[in-house]
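Structure at a glance
So you can see what is in the structure, the chains are spelled out below.
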Amino acid sequence: MKKILAILMALVIVATCGVAMAEDAPKIGITIYQFADNFMTLYREELVRYLTEDCGVPAENITVMDGKNDQAEQTNQIDAFIADNVDVMIINLVQSSSAASVIQKADAAGIPVVFINREPTAEDMALNGNFCYVGADARQSGTMQGNIVLATENKGDFNGNGQVDYVMIMGDPENVDAQYRTEFSVKALTDAGLTVNKLFEQRGDWDQTKGQELAATALTQFGNDVDVIFCNNDAMALGAYQAIVDAGRVVGEDIYLLGVDALAECVEMVNNGQMTGTVLNDHNGQSHTAADAALKAAKGETLEKYYWVDYVMVTK
Ligand code: GAL
């Protein structure tokens, strides 16, 4: 009976991600740029859940480190994974610019790498080695934010001055997501023939508290001139929402508020009108794709360079 059960379980596991027997399971080193990030926490938890529960990798084979937003610290973690001879690494870099050195040392050690969330440059992606990038094309999320504004009744112009007067609260530019979302949200508006007016643009580093501070500053400085607050992610939009309430403004009535990620609390806010819209940054799809790629590479398969996961627009 026990044997039949073991065979059945093995079959189920093979059907999902291919670790047939626990003793064949690879040793996986994972490092996340910082644990104190709302979105990357969801991503990390799902990654580990999927690897252990759905793919059958024993928990003791997986080491997950907090890069603490410090590249020197993360480099030590990567060096330790290499010294420990892990079978594959899943890396969310603190600084994308360190990709080249990671690729070179991993290749020298014969260890494949799956980069996630912070996309290395095209130049680094062209280096030798068995590595890939799993992510979402941030241009898409920016365009979707702009399209949500375009779909509103007044096309983002509450104050009726014929232009979209906007505030941009940016993420940490270490992730190209920040640059692309900033650029493409506005591009969607200008491509549709609207005139835009940038009142304010500053980096809030993906952080809720900074998002609130920056939105408060912008609202104090520009008052009712502000039509739209674009935030490169939902954590900062949560902060901006608080600043909007404190300033006596009302989302949907005299201002629009946009985020990205589709954190559960933000989806709820979109539903009840406290946010105009957000964009699903699919941490389930991305973490599963990253895990699948890592398990393949650990078995010696050659990775493709890129694995993309789509964003999804979230409105009421
Ligand atoms: C983005 C995400 C942000 C933040 C960032 C970290 O894709 O939207 O919330 O997690 O990655 O690099």
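In this report, the structure presented in the accompanying data block is examined. Bear in mind the structure is a predicted one, so any value in this text is a computation, not a measurement. (Residues numbered from 1 in each chain as written. Predicted model: local features only at pLDDT ≥ 70, side-chain atom pairs only at ≥ 80, totals over all residues. Heavy atoms only, no water.)

1. Here we look at the overall build of the protein
Check the secondary structure of the protein and you find eleven helices and twelve strands. Its C-alpha atoms give the protein a radius of gyration of 22 Å, within 12% of the compact-globule value 20 Å for 316 residues. Sorting the 316 residues of the protein into buried and exposed places 52% on the buried side. Considering only contacts within the protein whose residues lie at least 6 apart along the sequence, 73% involve residues at least 24 apart. Only carbon and sulfur atoms are counted for the fraction: they give 50% of the accessible area of the protein, which is about 13,600 Å². Placing the 20 positive and 45 negative side-chain charges of the protein at their respective mean positions leaves the two points 4 Å apart. (Helix = DSSP H or I, 4+ residues; strand = E, 2+ residues; numbered from the N terminus. Rg over C-alpha atoms; globule rule 2.2 N^0.38 Å. Buried < 20%, exposed > 50% of the residue type's maximum accessible area, 1.4 Å probe, protein only. Contact = heavy atoms within 4.5 Å. Areas by Shrake-Rupley, 256 points an atom, 1.4 Å probe, with all protein chains shown as cover. Lys, Arg positive; Asp, Glu negative; His and termini not counted. Charge placed at Lys NZ, Arg CZ, Asp CG, Glu CD.)

2. What about the site of the ligand?
Lining the immediate surroundings of the ligand are 13 residues, of which Asp37, Asn117, Asp177, Arg181 and Asp261 lie closest. In the model, an oxygen atom of the ligand is placed 2.6 Å from a nitrogen or oxygen of the Asp261 side chain. Side-chain polar atom of Asn281 to an oxygen atom of the ligand: 3.2 Å apart, as the coordinates give it. Protein coverage of the free-state accessible area of the ligand, which is 310 Å², stands at 99%. Contributions of two or more residues to the shell around the ligand are made by α2 (38-54) and α7 (176-191). Grouping the amino acids of the shell around the ligand by side-chain chemistry returns four nonpolar, four polar and five charged. Of the residues that make up the shell around the ligand, three or more belong to each of domain 1 (2-136 + 282-310) and domain 2 (138-280). (Near = heavy atom within 4 Å. Polar contact = N/O pair within 3.5 Å; in protein donor to acceptor, adjacent residues only side chain to side chain. Nonpolar A, V, L, I, M, F, W, Y, C, P; charged D, E, K, R; others polar. Domains from an automatic or database assignment.)

3. Overview of the nonpolar core
Judged by nonpolar contacts, the single largest core of 59 residues is most densely connected at Leu51, Val57, Val114, Ile116, Ile169, Ile229 and Leu257. A per-element tally of this core places helix α9 (residues 234-246) first, with seven residues. Two domains share this core, each providing at least three of its residues, namely domain 1 (2-136 + 282-310) and domain 2 (138-280). In this structure, Val86, Ile91, Leu93 and Phe131 belong to the second largest nonpolar core, which totals 17 residues. (Core = buried A, V, L, I, M, F, W, Y, C linked by side-chain atoms within 4.5 Å.)

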